[in-house]
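# Coordinate analysis (summary)
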Amino acid sequence: MKQSMLYPRTTRTRRVADLCGMWDFRFDPQGCGESEGWQNGIPDALKMVVPASFNDFFTDKQSREYTGDFWYSTKFIVPAEWKGGHVDLRFDAATHRADVFVNGRKLAFHEGGFLPFTVRIDDAVKWNEENIVSVRLNNELSHQTLPAGTTRTFSDGTKISKPYFDFFNYAGLQRPVRLVVTPQEEILDFTVNHKISGAGAQTDYEVETSGNHDVHVSVFDEDGNLAAECDGKRGALKIDNARLWNVLDAYLYTFCITIHDGGEIIDEYIEQIGIRTVEVRGTDILVNGKSVYLKGFGKHEDFFVRGRGLDLAVAKRDFELMKWIGANSFRTSHYPYSEEILQMADREGFLVIDEIAAVGFFASILNFMEASTGKTSAFFDDEAVQTKTKENHKAALRELIQRDKNHACVIAWSLLNEPETTNEAAVPYFHEIFSLAHELDVQKRPRTFALIMNSMPDTCKCYSFCDFISLNRYYGWYMSGGYEIRDAKEKFIAEMNAWRDLKLDKPFIFTEFGADTAAGMHKLPSVMWSEEYQEEYLKMQFEVFDSYDFVKGEQIWNFADFQTVEGIMRVDGNKKGVFTRDRQPKAAAYMLRRRWENLKTDYKS
Ligand code: GCB
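Residues numbered from 1 in each chain as written. Predicted model: local features only at pLDDT ≥ 70, side-chain atom pairs only at ≥ 80, totals over all residues. Heavy atoms only, no water.

Bringing the sheet that holds strand β21 (residues 284–287) into the picture now. Within the open sheet, the 3 strands sit side by side as β20-β21-β22. Their pairing is antiparallel. Only two strands of the sheet have a single partner each, and these edge strands are β20 (278–281) and β22 (290–291). (Pairing = 2+ DSSP bridges. Helix = DSSP H or I, 4+ residues; strand = E, 2+ residues; numbered from the N terminus.)

Below, the structure written as structure tokens:
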């Protein structure tokens, strides 16, 4: 049976119990946990916070950098009053792979650290008694994992992660874990697709259930008035004078789905849905038929102490800062973000480019820099990449689209970040991934991937798969920085002219451009890393963006400073933030605010 990806919600027929809090925790460097019976309880366990990354709690380096197997476990009671229903354990994320044991029995394995999965525990559960869930996680990286990297082993057997990506390899139970109780006959999934005609809207829907009883869908407006209803597992909901979901002007209808037997409600699920359309036409990205210019950021889920652990307070602050600065969009670089963040984006009217964790598909630890030198790595020539990696990529894509397809905020899928596209071997791989996204998404949202510096008009073999082109460009930083910025501008213009001459008739977005900046470092005249240089660098970028009509968006790298591996290129992390890691503005924030306040959403339409 299809695994439900519905966000856990309590309704008249469903119950949700939160399992977050302090869990038992232990590293398992020898991989002996299972043979020693840790699935029944972890001996000599530490206590660990869920949700959080485990890394930054530790004061010793070996623990913070730990790579290999590690275990979490907790106890919970399942009340007998839930008997007769299904009981699922829902992990919103387990990074990067997990085996789940309940009462000692191995019930599931999940690969991929940024998407949810559920484990049906009906047959393993003890009613009205204590149950134990143990999870063996693993955070090793390879060419088959999303994200990709390698794992090195020191002479004493200790392992260390070597990411091919520029963010710290945080791991653990980084998002909530919950018990979800559903009735025997349940709603498994639903999908919406919207059409607008005049003042009216039509939402075509499909509901999947585990049985054959009747389905009913009602739609309520924000005042609680019934706006539309329909019977059946498939149908069309028609709303006259519909309030559309718009950029920074969100409106959410409440969709109430029921399975019923006459007057008896068997199952009920409720979700808030924004009605809008998205399409690419010529060089425009259209939301509700109107051209939009994206202003915003590439971001990270990253904060002090809890690493990549879900923190609603930080997420809330981020939205307030994005509104303050005049942004209207962001990319979930470089992995799918928590569902709660997409819910906030739905509520605030933000446009989201939803990215999957296919990052590091360029076999180099400093690929972000080396790509500007023309280096190549033959990543897609690897047989295992063409088989296992692709399988993992497809599985993650299925999960991503199933999880996020109904969010109004999600206007595009980013299917890879900075892969190596200069080699023919990438082409069939891209073909399969891009076709699958199209096939799975009923709304047929635009697809893209972020092009690394060496994916140029004359070298990139894969840009034609994109519905809009996303460029990550660092002219004036990794290439011709500082006093040489004038050369950077010339090179940048030369590249843009080459794209223009291809006459692709597609929109272009800058999904990355930025300069590392040490907050509080001032220098007259500017030098690289000073706040003055960040502003000069941005000014140059904007002059280029503004001179090409087909450039339809700018998302700066990065919203905030964030943690990376240590190394000669990073000073306690990446400092390209417009805000510091504790979410305070650098000087460039005020400059951006002035620019974006004056750039209307329909700029260049
Ligand atoms: C990139 C990567 C991003 C890095 C950034 C940088 O191209 O996509 O993950 O953090 O460059 O700052 O180097």
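It is worth spelling out the environment of K323 at this point. Mapped onto the fold, K323 is located in helix α2 (residues 312–325). When its relative accessible area of 35% is taken as the criterion, K323 is described as partly exposed. Spatially, the C-alpha atoms of K323 and V16 are 32 Å apart, while their sequence positions differ by 307 residues. K323 has contacts with E348 and F350, leaving out every residue within four places of it along the chain. (Buried < 20%, exposed > 50% of the residue type's maximum accessible area, 1.4 Å probe, protein only. Contact = heavy atoms within 4.5 Å.)

Let's shift gears to the packing of α2 against helix α3 (residues 339–348). Where α2 meets α3, the axes come as close as 11 Å, and the angle between the chain directions of the two elements is 30 degrees. When the interaxial angle is binned, α2 and α3 end up roughly parallel. The two elements α2 and α3 cross, and the hand of that crossing is right-handed. Where α2 approaches α3, its residues L312, A315, K316, F319, E320 and K323 are matched on the opposing element by E340, I341, M344, A345 and E348. (Axes fitted to C-alpha atoms, helices over the stretch in contact; angles between N-to-C directions. Parallel < 35°, antiparallel > 145°, perpendicular 65-115°, else oblique. Left-handed = near helix turned anticlockwise from the far one by under 90°.)

Once that is clear, we can look at the packing of aromatic side chains. Tallied over the full model, the rule gives 60 aromatic pairs. Arranged with centres 5.9 Å apart and planes meeting at 75 degrees, the rings of F319 and F330 form a pair that is edge-to-face. Placement of F319 in helix α2 and of F330 in strand β24 (residues 329–331) is noted, with a sequence separation of 11 residues between them. Of the two residues examined, F319 and F330, each falls in the buried class. Consider the rings of F361 and F380, whose centres lie 6.2 Å apart with planes at 70 degrees: the pair is edge-to-face. (Phe/Tyr/Trp six-rings, centres within 6.5 Å; stacked < 30°, edge-to-face > 60°.)

Attention shifts here to the sheet that holds strand β25 (residues 351–355). Here 8 strands make up a closed barrel; going around it, the order is β23-β24-β25-β26-β27-β28-β29-β30 and the pairing parallel. Between one strand axis and the next, the sheet turns by 25 degrees as a mean value, whatever way the strands run. Against the sheet, helix α9 (residues 587–598) contacts β23 (294–298) and β30 (551–557), and its axis sits at roughly 160 degrees relative to β30.

Within the protein chain, residue pLDDT values average 97, and 100% of them lie at 70 or more. For the protein chain, per-element mean pLDDT is lowest for helix α4 (residues 367–370), which scores 78, and highest for β25, which scores 99. (pLDDT = per-residue confidence, 0-100.)

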